[in-house]
2 protein chains.
Amino acid sequence: MTTQQLIDQIKIKKSFLCVGLDVDLNKIPKHLLELEDPIFEFNKAIIDATHDLTVSYKPNTAFYEAYGIKGWQSLQKTINYINENHPEIFTIADAKRGDIGNTSSMYAKAFFEDLNFDSVTVAPYMGKDSVEPFLAFDNKHTIMLALTSNEGAFDFQTLNVDGKELYKQVLETSKNWKNSENLMYVVGATKAEYFTEIRKIVPDSFLLVPGVGAQGGSLSEVCKYGMNANVGLLINSSRGIIYASNGTDFAEKAREEALKMQQKMESILK
Amino acid sequence: MTTQQLIDQIKIKKSFLCVGLDVDLNKIPKHLLELEDPIFEFNKAIIDATHDLTVSYKPNTAFYEAYGIKGWQSLQKTINYINENHPEIFTIADAKRGDIGNTSSMYAKAFFEDLNFDSVTVAPYMGKDSVEPFLAFDNKHTIMLALTSNEGAFDFQTLNVDGKELYKQVLETSKNWKNSENLMYVVGATKAEYFTEIRKIVPDSFLLVPGVGAQGGSLSEVCKYGMNANVGLLINSSRGIIYASNGTDFAEKAREEALKMQQKMESILK
């Protein structure tokens, strides 16, 4: 998917919502556990109930790997289901990968070719040659961690490096990498004022924003400081939507929560 | 496996070699491609030929994920084969994972419980709560990236943070995390002098050292500056051993290369 196609979808759906498919067997409705593939069945129901309200789905690979081969199969069935039924959806493999060059190429192959995701999240610590192999794929997007929404973000990301915080240096350096137009960035919603500074460095890039909702960030504040002319934001919500209910009405309740988010977004887009 | 058991194995085998199982279908002998699971068959032959010369095997997960479910099955068969036949071997899942707390717990479950590896590599960028979930497992080890052996290592890892390089800050900070005695570190062999500085910060920790051999680092230099009273080093070699030949004699040639490394190590241990 091209960036322009993503922007078009945001305008059509009046939504820049990303639904995180972080499926934990301990949290999904009990009646699904009797089915052959509870994780896929859960995702399928969530997708069927929310696909018109969201522009993106983001399975976090950890929740699938934890169940071994069965989990990897659920991930594959989920991405296939989205690609076949809703090809307009921007898919994100939240995998936070990164390794030396030839090894990163194998990860890129795994997520862009084998699973056919539109994008994958990567970690910056190993630098240029750990990220550029992902950037080499046309119409695929690499979403690099910049400032995350967890407590540990302040251990290293905000350390002072030659007068500026490390995450700002990460943003600046990455702009010089080959095919950097294929980069997006993860920026947590925990401190909305940070977006002003970030937009000075990457005015045009899409930002994937976790931490709105369950983790306490404010949608309107993030939009106030982070939005650009093409919207430029994908706001992720996982638990707040997919675990809105753990009864047989879980998909219906998920839709209600997604609709609330979409409506807020529609009013902001006006 | 406990750290003491690893140290004992190093003394018994007179080796601190780690063989990297980075299996690329384009590089393995052609005759294996006719078998049902060429990756596993390749690994099995390498393991059978080298297990008495090495204390550790390290599959890099990228090379398995690139082949989807089939690849994940090869990884599972490989770790099961090692655990069943050579339980004295210290196994490393080279996965470079890291995510927010509850998600890192899922990765820890994947590698420590589902696959039953002794250790996993992790990335430090997301800080304390992205690594501590791994450290919570008894007799499991978490090998955190400090200074890697690739070109991109100098993009961020060596930036000056309040008077010291970032990788040193990463080492120092991590010492304060809960169960930090379960930490080991990845330190590339590219500049052996760095080990002097690193040993001032983490004198007792095991260091996993890539970059000797194919990537140009010197074994004797690394040992000179990096060894401690318990050896404290695992020297990785991947391509130099497993791709020593791509004919039908590949396992035999791999053994020859592993033996050369083991003999050098034995003479250093004296």
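Above this text you will find the structure in question.
Worth saying up front: this structure is predicted, and the values here are computed from it rather than measured. (Residues numbered from 1 in each chain as written. Chains lettered and ligands numbered in written order. Predicted model: local features only at pLDDT ≥ 70, side-chain atom pairs only at ≥ 80, totals over all residues. Heavy atoms only, no water.)

## Concerning the relation of the copies chain B and chain A
Put simply, the second copy of the chain is the first one after a rotation about an axis and a shift along it.
Then step 1. Mapping chain B onto chain A calls for a screw motion: a turn of 180° about the axis and a shift of 0.0 Å along it, with 0.0 Å RMSD after fitting. Here the two chains are linked by the operation of a two-fold rotation axis. For chain B, the smallest separation between a C-alpha atom and the rotation axis is recorded for B:Val161, amounting to 2.4 Å.
Then step 2. The fraction of interface residues of chain B whose copies in chain A are also interface residues reaches 100%, indicating that both copies meet through the same surface. (Least-squares fit on C-alpha atoms with pLDDT ≥ 70 in both. Contact = heavy atoms within 4.5 Å.)

## Digging into the packing of aromatic side chains
What describes a pair of aromatic rings is the distance from one ring centre to the other and the angle between the planes of the rings.
Then step 1. Enumeration over the complete set of coordinates arrives at 17 aromatic pairs over all chains.
Then step 2. Arranged with centres 5.9 Å apart and planes meeting at 80°, the rings of A:Phe40 and A:Tyr81 form a pair that is edge-to-face. Separated by 41 residues along the polypeptide, A:Phe40 in helix α2 (residues 38–50) and A:Tyr81 in helix α4 (residues 68–85) bring together distant segments of the chain. The burial state of A:Phe40 is the same as that of A:Tyr81; both residues are buried.
Then step 3. With a centroid separation of 6.4 Å and 90° between ring planes, the pair formed by B:Phe112 and B:Phe134 is classed as edge-to-face. With a gap of 22 residues between them, B:Phe112 in helix α5 (residues 101–114) and B:Phe134 in helix α6 (residues 128–135) connect regions that are remote in the sequence. Both residues of the pair, B:Phe112 and B:Phe134, belong to the buried class. (Phe/Tyr/Trp six-rings, centres within 6.5 Å; stacked < 30°, edge-to-face > 60°. Helix = DSSP H or I, 4+ residues; strand = E, 2+ residues; numbered from the N terminus. Buried < 20%, exposed > 50% of the residue type's maximum accessible area, 1.4 Å probe, protein only.)

## A short note on the sheet that holds strand β8 (residues 183–187) of chain B
Residues and elements named next belong to chain B.
Then step 1. Ordered in space as β1-β2-β3-β4-β5-β8-β9-β10, the eight strands form a closed barrel in which the pairing is parallel. On average, each strand axis in the sheet is tilted by 30° relative to the strand beside it, whichever way the strands run.
Then step 2. Bridge analysis of strand β2 (residues 56–59) against strand β3 (residues 90–97) gives two bridges, and the strand direction is parallel. Bridge pairing links Ser56 to Phe90 in β3.
Then step 3. Contacts from helix α9 (residues 194–201) reach β5 (141–147), β8, β9 (207–209) and β10 (233–237) within the one sheet, and its direction differs from that of β9 by about 160°. (Pairing = 2+ DSSP bridges. Axes fitted to C-alpha atoms, helices over the stretch in contact; angles between N-to-C directions.)

## Notes on the sheet that holds strand β4 (residues 119–122) of chain A
Residues and elements named next belong to chain A.
Then step 1. Taken in spatial order, the eight strands close into a barrel running β1-β2-β3-β4-β5-β8-β9-β10, and their pairing is parallel. Averaged over all neighbouring strand pairs, the angle between strand axes comes to 30°, with direction disregarded.
Then step 2. Judged from the three bridges that link them, strand β1 (residues 17–21) and strand β10 (residues 233–237) form a sheet pairing that is parallel. Residue pairing in the sheet places Leu17 in a bridge with Ile235 of β10.
Then step 3. The strands touched by α4 within the sheet are β1, β2 (56–59) and β3 (90–97), with β3 carrying the most contacts at an inclination of about 150°.
Then step 4. Packed on one face of the sheet, helix α9 (residues 194–201) meets β5 (141–147), β8 (183–187), β9 (207–209) and β10 and runs near 160° to β9.

## A few points about the layout of surface pockets
Vacant regions in the atomic arrangement are exposed by a probe of water-molecule size rolled over the atoms.
Residue and element names in this part refer to chain A.
Then step 1. The space that makes up the second largest pocket amounts to roughly 260 Å³.
Then step 2. The wall of the second largest pocket is formed by 17 residues, among which Ser180, Glu181, Leu183, Asp204 and Ser205 lie closest to the centre.
Then step 3. Put simply, the parts of the chain that give the lining of the second largest pocket at least two residues each are α1 (3–13) and β8.
Then step 4. At three residues, the largest contribution of residues to the lining of the second largest pocket is made by β8.
Then step 5. Residue composition of the lining of the second largest pocket, by class: eight nonpolar, six polar and three charged. (1 Å grid on protein atoms, 1.4 Å probe; cavity = no way out; pocket = protein on both sides within 12 Å on 5 of 7 lines; lining within 4 Å. Points joined across faces, edges and corners; volume = space filled by probe spheres on them. Nonpolar A, V, L, I, M, F, W, Y, C, P; charged D, E, K, R; others polar.)

## Looking at unusual backbone geometry
Then step 1. One non-glycine residue with positive phi stands out, namely A:Asn116, at about 60°.
Then step 2. Structurally, A:Asn116 can be placed in the loop between α5 (101–114) and β4.
Then step 3. Its identity as a non-glycine residue notwithstanding, B:Asn139 has a phi of 60°, on the positive side.
Then step 4. Residue placement: B:Asn139 occurs in the loop between α6 and β5.

## A closer look at the interface of chain B and chain A
Then step 1. Residue-level contacts link 55 residues of chain B with 55 residues of chain A.
Then step 2. In this assembly, chain B packs against chain A so that about 5,000 Å² is buried in total across both faces, 63% of it on carbon and sulfur atoms.
Then step 3. When the area that chain B buries against chain A is broken down by residue, the three leading residues are B:Met106, B:Tyr125 and B:Phe156, summing to 18%.
Then step 4. Remark: the boundary between chain B and chain A carries four salt bridges.
Then step 5. A salt bridge links A:Glu65 to B:Arg97; the shortest N-O distance between them is 3.0 Å. (Buried area = accessible area lost by both parts, 1.4 Å probe. Salt bridge = Lys/Arg side-chain N within 4 Å of Asp/Glu carboxyl O.)

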